[in-house]
Amino acid sequence: MRSTGFRRTFLTLMACSLTLTACGSSDDTADGKTRITVNCMPPKSAKVDRKFFEADVAAFEKQNPDIDVVAHDAFPCQDPKTFDAKLAGGQMEDVFYTYFTDAGHVADIHQAADITRYVKDLKSYGTLQQQLRDIYTVDGRIYGIPRTGYSMGLIYNRKLFAKAGLDPDKPPATWEELRADAKRIAALGGGTIGYADYSAQNQGGWHFTAELYAQGGDVVSADGKKATVDTPEGKAVLQNLKDMRWSDNSMGSKQLLVINDVQQLMGSGRLGMYLSAPDNIPILVKEKGGNYQDLAIAPMPGGQGTLIGGDGYMFNKKDSPEQIKAGLKWLDHMFLTPGKGFLGDYARAKKADAPVGLPEPRLFTGAADAKDQQVKKANANVPVKNYQAFLDGNQNLDMKIEPPHAQQIYSVLDSAVSAVLTKKDADIDQLLKDASGKIDSILARG
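So, a few notes on the structure that sits alongside this text.

Cut-offs applied
Residues numbered from 1 in each chain as written. Predicted model: local features only at pLDDT ≥ 70, side-chain atom pairs only at ≥ 80, totals over all residues. Heavy atoms only, no water. Phe/Tyr/Trp six-rings, centres within 6.5 Å; stacked < 30°, edge-to-face > 60°. Helix = DSSP H or I, 4+ residues; strand = E, 2+ residues; numbered from the N terminus. Buried < 20%, exposed > 50% of the residue type's maximum accessible area, 1.4 Å probe, protein only. 1 Å grid on protein atoms, 1.4 Å probe; cavity = no way out; pocket = protein on both sides within 12 Å on 5 of 7 lines; lining within 4 Å. Points joined across faces, edges and corners; volume = space filled by probe spheres on them. Nonpolar A, V, L, I, M, F, W, Y, C, P; charged D, E, K, R; others polar. Polar contact = N/O pair within 3.5 Å; in protein donor to acceptor, adjacent residues only side chain to side chain. Contact = heavy atoms within 4.5 Å. Axes fitted to C-alpha atoms, helices over the stretch in contact; angles between N-to-C directions. Parallel < 35°, antiparallel > 145°, perpendicular 65-115°, else oblique. Pairing = 2+ DSSP bridges. Core = buried A, V, L, I, M, F, W, Y, C linked by side-chain atoms within 4.5 Å.

1. Overview of the packing of aromatic side chains
Step number 1: In total, this model carries 11 aromatic pairs according to the counting rule given.
Step number 2: For the ring pair Tyr97 and Tyr313, a centre distance of 6.2 Å and an interplane angle of 85° mean the geometry is edge-to-face. Residue Tyr97 is located in strand β3 (residues 95-99), and its partner Tyr313 is located in strand β11 (residues 305-315); the two are separated by 216 residues in the primary sequence.
Step number 3: Taking the centre distance of 6.4 Å and the plane angle of 80° together, the rings of Phe335 and Phe342 count as edge-to-face.
Step number 4: Its relative accessible area of 0% is what places Phe342 among the buried residues.
Step number 5: An aromatic cluster is built from Phe53, Tyr97, Tyr99, Tyr313, Trp330, Phe335 and Phe342, whose rings are joined through pairwise contacts.

2. Here we look at the layout of surface pockets
Step number 1: Space inside the largest pocket adds up to approximately 1,200 Å³.
Step number 2: Surrounding the largest pocket, 37 residues form its lining, Thr101, Pro403, Pro404, His405 and Ala406 being those nearest its centre.
Step number 3: Among the elements of the structure, α2 (80-88), α3 (103-108), α4 (130-135), β4 (137-138), β12 (398-401) and α16 (406-422) are those that each provide at least two residues to the lining of the largest pocket.
Step number 4: Considered class by class, the residues forming the lining of the largest pocket number 17 nonpolar, 11 polar and nine charged.

3. Overview of the side chain of Ser151
Step number 1: You can see Ser151 is positioned in strand β6 (residues 144-151).
Step number 2: The exposure class of Ser151 is buried, given its relative accessible area of 2%.
Step number 3: A distance of 2.5 Å separates a polar atom in the side chain of Ser151 from a polar atom in the side chain of Glu360.
Step number 4: Each residue touching Ser151, except ones within four places of it in the same chain, is listed here: Ser276, Ala277, Pro278, Thr306, Leu307, Ile308, Glu360, Phe390, Asn394 and Met399.

4. Description of the packing of α16 against helix α17 (residues 428-445)
Geometry of a packed helix pair, given as the angle between the helix axes and the separation of the axes.
Step number 1: At their nearest, the axes of α16 and α17 sit 9 Å apart, and the two run at 175° to each other. As the angle between them shows, α16 and α17 are arranged roughly antiparallel. Contact with α16, carried on its side by Gln408, Ile409, Val412, Leu413, Ala416, Ala419 and Val420, involves Ile428, Leu431, Ala435, Lys438, Ile439, Ile442, Leu443 and Arg445 of α17 and no other residues of that element.
Step number 2: By residue class, the composition of the contact of α16 with α17 is 12 nonpolar, one polar and two charged.

5. Thoughts on the sheet that holds strand β7 (residues 153-157)
Step number 1: With mixed pairing, four strands are arranged side by side in an open sheet as β8-β9-β7-β10. Edge strands, defined here as strands with exactly one partner in the open sheet, are β8 (193-195) and β10 (295-299). Neighbour-to-neighbour, the strand axes of this sheet turn through a mean angle of 25°, independent of strand direction.
Step number 2: When β8 meets strand β9 (residues 271-276), the two strands line up parallel, connected through two bridges. Following the sheet pairing, Ile193 is matched in β9 by Leu271.

6. What to know about the nonpolar core
Step number 1: Tyr195, Phe208, Met273 and Ile439 are the most contacted members of the largest nonpolar core, which has 75 residues in total.
Step number 2: If you tally residues by element for this core, the top one is α16, at 10 residues.
Step number 3: If sequence neighbours within four positions are ignored, Ile439 has contacts with Val220, Ala227, Val229, Ile409, Val412 and Leu413.

Encoded structure:
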């Protein structure tokens, strides 16, 4: 799955989508300029982001008068229903947006240019986190550039913690502690819910995966050929949810929730905790009625692992060397220069009343990361102390990307999660056995 806010975090643009207009690889323009088409430009409805994006493109073209950038917009930036069709039909932009989970697939079907020989021209490449670079490296060849990254954590309501007699500065570090805290918060009454989880539209399967990683488990084997959900770790995930739902009554009676339902609960102050990435926080404030002071985020309970995701750009297989080089320059300018560009100009974001100081993404390493964090800290306008536990705890977690064939697998796991939350007598062992068989079939089909 994707996270739920744009990398900038002040507008919900993280889930960008590909446009449906014809926009295949283009030739150099007749006036001698190298012309590139790019996507994931904010839509006109996102006025602030659109203004910033257009200004940054104009600045890039001024600095590079030999390059002409033609941007395409849409919301979201990638529609899984049309993505493969656009690839197969040769309709993809010269530089096109992808989720992390797309990288291997696009490379395997030979729909992206091999840019290995050109990355030396990308000034920022060596500063990017290795684990994110590896996502776009297939069989030792480089096919794309990461642009953002996120990791899952536990968002919680400090106000409800205090009201329930819990220490807001000590979020639960284990699943046992989370269960106990959820029970105390639910005991406040008045429709208050201790912990909520998704269980529909593949989102339940997404969260099952995150919770399984947090337990130290995996969804599929290391070779990607067999399911590994019918395990003690998988059983622990479902048993914990079942116990909180039916024994503790800490998850509320309404189930089959999706992300918007849970965000509404948290924003209205009726929910104690749920799993998500930091980019949910500005959505909770700007769209759901929440307050920055009340919202905090902690690392995934359990201390084992967390799910990471994000996005990046790949290059059309028809691109000329000049277009690839121009596209890399554009990525450096727009997204990959610490403290500058569309994603890094924190001073500009602050002036636009956008939240600055959220703990993610940490795209860079070394001196580049230090500079990015320095500029972010200098312009912070949110309570950064509320996110320190997340920053500290993440250093010790195993960061795991989503499984192959993620959406198909999530659909299978959705059924298991929804069953334990809606049926008191749900048979966890049978649910995991059935899910394992179905996932094996998905993996066998390739």
